[in-house]
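If you want the building blocks of each chain, they are given just below.
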Amino acid sequence: MRIVDPRAWILNYAFGNMAEQQAGDLHQEDTVSTFNFENDHVEDVGNVTIDLNSGADSSQNFSAVATPDVNLESFSETVDPNITTGTAERHTSIQRSLTDLKNLISVEGTGKKTCPLCPEEKFKPNYSHKLRRHLQHLHWKVSIEFEGYRMCICHLSCRRMKTDLNGEQVPVRIGAHYHCIVCSATIARRTDMISHITRHLNKGDTEASFNGATSGQMQSTEVLKEVDTDVHVFPNHLTPQKTDSFFNPKMKPNRQLIFCTLAVLAQERKPLECLDAFGATGIMGLQWAKHLGDSVKVTINDINEGSVKIIRENCHLNRMKVLSSKKEEEDVEEGENTLGTIEVTQMDANILMHLRAFDFIHLDPFGTAINYFDAAFRNVRNLGIVSVTSTDISTLYCKALNVTMRHYGCNIVRTEYYKEVAARMVIASVARAAARCNKGIEVLFSVALEHFVLVVVRVLRGPTQADESLKKIRRLIHCQWCEERVFYKKCHMLEESAYSQLPCDCYGSMPGKTAVELGPLWAGSLFNTSFLRRMLFEAVQHGIEDIQPLLKNLICESECTTLKHYSIFGPVSYSNQEESGVVIKTSASHKAGVEDTTTPTYSGLDKRKSSEVSGNAAKRQKGDIPTEHPPFYYSIHRHSIRGMNIPKINKFLPYLTQAGFRVGRTHFDPTGIRTDATLAQLKAILMKYSLPTHTDSQPGTLSHASAESISEPVQVSIPEALHVDQPAEEVKPESG
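Residues numbered from 1 in each chain as written. Predicted model: local features only at pLDDT ≥ 70, side-chain atom pairs only at ≥ 80, totals over all residues. Heavy atoms only, no water.

Attention now goes to the overall build of the protein chain. Secondary structure summary: the protein chain contains 23 helices and 30 strands in total. Put simply, of all contacts in the protein chain between residues at least 6 apart along the chain, 63% involve residues at least 24 apart. When the accessible surface of the protein chain is totalled, it reaches about 38,100 Å², and 50% of it is carbon and sulfur. (Helix = DSSP H or I, 4+ residues; strand = E, 2+ residues; numbered from the N terminus. Contact = heavy atoms within 4.5 Å. Areas by Shrake-Rupley, 256 points an atom, 1.4 Å probe, with all protein chains shown as cover.)

Summed over all chains, the structure comprises eight aromatic pairs. Ring centres of Phe278 and Tyr372 lie 4.9 Å apart, and the angle between their planes is 75°; on these two criteria the pair is classed as edge-to-face. Residue Phe278 is located in the loop between strand S12 (272-276) and helix H7 (283-292), and its partner Tyr372 is located in the loop between strand S17 (358-363) and helix H10 (373-378); the two are separated by 94 residues in the primary sequence. Among the residues examined, Tyr372 registers a relative accessible area of 17% and is labelled buried. Measuring from ring centre to ring centre gives 3.9 Å for Tyr499 and Tyr507, while their planes differ by 15°; the resulting arrangement is stacked. Here Tyr507 falls in the partly exposed class, since its relative accessible area comes to 42%. Among the aromatic residues, ring-to-ring pairing joins Tyr417, Phe487 and Phe632 into one connected group. A cation over a ring is seen here: Arg414 above Tyr418, with NZ or CZ 3.8 Å from the ring centre. (Phe/Tyr/Trp six-rings, centres within 6.5 Å; stacked < 30°, edge-to-face > 60°. Buried < 20%, exposed > 50% of the residue type's maximum accessible area, 1.4 Å probe, protein only. Lys NZ or Arg CZ within 6 Å of the ring centre and 35° of its normal.)

This part takes up the sheet that holds strand S22 (residues 485-487). Sheet architecture is open: three strands sit in the order S22-S21-S23, paired in antiparallel fashion. Two strands close off the open sheet at either side, each with one partner strand: S22 and strand S23 (515-522). Taking each pair of neighbouring strands and ignoring which way they run, the sheet shows an average axis angle of 25°. Sheet topology note: the strand S21 (residues 473-479)/S22 ladder contains three bridges and is antiparallel. Considered in S22, the bridge of Leu476 is made with Phe487. (Pairing = 2+ DSSP bridges. Axes fitted to C-alpha atoms, helices over the stretch in contact; angles between N-to-C directions.)

Time to look at the sheet that holds strand S28 (residues 663-665). Sheets are built from strands paired through backbone hydrogen bonds, the pairs being either parallel or antiparallel. An order of S26-S29-S28 is seen for the three strands of this open sheet, with the pairing classed as antiparallel. Only two strands of the sheet have a single partner each, and these edge strands are strand S26 (634-635) and S28. By the bridge criterion, three bridges tie S28 to strand S29 (residues 672-675) in an arrangement that is antiparallel. Looking at the pairing, Arg665 lines up with Ile673 of S29.

So, on to the confidence of the model for the protein chain. With 65% of its residues at a pLDDT of 70 or more, the protein chain has an overall mean of 75. Averaged over each element, pLDDT in the protein chain is lowest for strand S2 (residues 48-50) (32) and highest for S17 (98). Residue range residues 6-88 is modelled with pLDDT below 50. Its contacts to residues more than four positions away, or to other chains, number 91 contacts. Long-range and interchain partners of residues 212-218, a stretch whose pLDDT sits below 50, account for eight contacts in this model, where long-range means more than four residues apart. (pLDDT = per-residue confidence, 0-100.)

This brings us to helix H21 (residues 679-688). If you check which residues of H21 are buried, you get Leu679, Gln681, Leu682, Ile685 and Leu686. Buried residues of H21, seen end-on, are gathered within an arc of 160° and therefore sit on one face of the element. (Arc of directions from axis to C-beta.)

A few words on the side chain of Ser690. Mapped onto the secondary structure, Ser690 falls in the loop between H21 and strand S30 (691-692). By relative accessible area, which is 4% here, Ser690 ends up buried. From its side chain, Ser690 meets the backbone oxygen of Leu686 in a polar contact 2.5 Å long. Apart from residues lying up to four places away in sequence, Ser690 is in contact with Met644, Asn645, Ile646 and Pro647. (Polar contact = N/O pair within 3.5 Å; in protein donor to acceptor, adjacent residues only side chain to side chain.)

Attention now moves to the packing of helix H6 (residues 252-266) against helix H16 (residues 529-541). Viewed as axis vectors pointing N to C, H6 and H16 meet at an angle of 105°, and their least axial separation amounts to 9 Å. In this view, H6 runs roughly perpendicular relative to H16, as classed from their interaxial angle. Of the residues in H16, those touching H6 at Leu257, Cys260, Thr261, Ala263 and Val264 are Phe531, Arg534, Met535, Glu538 and Ala539. Split into classes, the residues belonging to the contact of H6 with H16 amount to seven nonpolar, one polar and two charged. (Parallel < 35°, antiparallel > 145°, perpendicular 65-115°, else oblique. Nonpolar A, V, L, I, M, F, W, Y, C, P; charged D, E, K, R; others polar.)

This paragraph deals with the pairing of strand S13 (residues 296-301). Counting buried residues along S13, five of its six residues qualify, which places the element largely inside the surrounding structure. Taken together, the five bridges between S12 and S13 define a ladder with parallel strand orientation. Across the sheet, residue Asp276 finds its bridge partner in S13, namely Ile300. Each parallel crossover has a hand, and for S12 linked through H7 to S13 it is right-handed. Note that S13 and strand S16 (residues 340-345) share four bridges and pair parallel. Counterpart to Ile300 in the pairing with S16 is Val344. (Right-handed = clockwise from strand over helix to strand, strands pointing away.)

Turning our attention to the nonpolar core. In this structure, Leu363, Phe377, Ile441 and Phe445 are the most contacted members of the largest nonpolar core, which totals 108 residues. Top contributing element to this core by residue count: helix H13 (residues 418-436), with twelve residues. Among all residues touching Ile441, those that are not within four sequence positions of it are Phe377, Ile427, Val430, Ala431, Ala434, Val457, Arg458, Leu460, Ser469 and Trp522. Core analysis: the second largest hydrophobic core is formed by 25 residues, Ile477, Ile636, Tyr655 and Leu656 among them. (Core = buried A, V, L, I, M, F, W, Y, C linked by side-chain atoms within 4.5 Å.)

Structure, rendered in structure tokens:
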């Protein structure tokens, strides 16, 4: 006599019909099954039992029309793409209620059953009551709710296949994870998944904007315009999938700075071979070709096939001819006038930079660009320019110190001047990569903002230039008590105590070790004033108004002065300038239509001649090199005195100038000032011009009176070498 388990009989009776109706809505992407339409019986698809001949109820849940005598090969042709909806594409772990999750258990037969969201290695087959308890307390308990659905935790191997060392396709091993209901992304941590869903809610993303790629339909695009350049972008361009192109409107200052840099280089030699190594939507290369015309030969590269397609569409949208890697031109529609030609390639950026030589290379990968430095400097031409945009903010801004050591080989800590440390750290890595190729660098400018760190350098060919660049890489001594800092001296001999190099006396007054060693960092200048002036002129010529305030701040920061003391369009901007041994004619001679034959210009093609000129110019200018700006800056809010009201920054700067120090603002920190005064001297002047918080007198009256009373004590602490004659046109400090 056969004994039937009463629990299995009750389960079959209660959930039999319900399981058949719900099984059609499940997307079994992690199982491999075989459909047999010749026999009228029930097939097991993964862990869900589906009756293919159950009538009208089950046929409504499937987009495929099941007919007899249809083999497996022709099954894909019976799918109607118009019926495909987002519901059929959802993962099994996404359910509406706990009952729907429990209905995933197979109700046919008795005995132990497997969990539909766990492999057998994770959860061995068990009885139905234990399996339902497992689904409730493990998968459902840590689920995330979104618009009536629950994204349960999944333990299946849901990642795509990868190739091992033997060339075989093996699944990627992955632990617990969640499947996003909107974009189908796979995210491991629950907190990260909540942040991911929150970003979708803030940007208004829906499931319909992401299911176009999975249903075989082309995603709808929208057209964005930036600096008279139109580009197609996907609705999810801010949070794209791995196969989509990324477009960040917050990187607009970065693109404008790169454009002004290329415009200045185009005035030195023509034509320029330019490379945008990571094109994405291709907007940066399109701006180069559209506004600079025949002066540049633009190449846009991207390894992603989807990005290459949208780059071609954007080229046609802006009436550009596309030159593929096979040297075949794709004409735009007949009757349209083309504005230029752009070459679009699809290959790894390292391979492309090893194969071809360029005059201008821009690196803007996702995250760090450290892996592309060697290839960039291998074939870049002499006196060319390499620009690097690093977006690994957590690594550069002291949030992942172990990653910083792996990528950049630098030891850093969180300081008040951490943004400048990030810029100097990237420049040091660039200089070492250039030196491995027997090339030196000259830093044109560096910018560190909220979302990126931009470094632009000019390449100087030759081992001598490489050695000179490496000499500017030194370590930094940072006091952790008062945050005073100083670079190590240019000496290879050991000193008895490195604390003697610090201007502060914290080591003698505080117990224990008070300073740390940071670096190695770039110890040279971060800006080239003449190059920044020409960038500002090009920004005015092309009508780019958004970037002009930042360029003015960079010019003043490079000279360590203020806007009141500096005239943007001075006579220096319209005279011949010499940078790196190359005489560069500015727009004054071109604007007047006069050809200067006394001072030759070199395009960098004659290597021997340009190197000789570079060496002679270095000898001539060895004694009259302008003074570099002081390294690093101080935040007056961080060093303010407790119980005192510090003066406004714009009113405090003339007080330092009156005391004989160089002073200016910095773009790294809105509350920071760049000066050659020590921290003790800065605090002394700040103390004298601050007011107690409990007094009722006006700040202007006390500050004006105290200016005369403390002028003598402050001058005592200033070294004689720092007393310089002030220019006649200097603006005096305002009273009040």
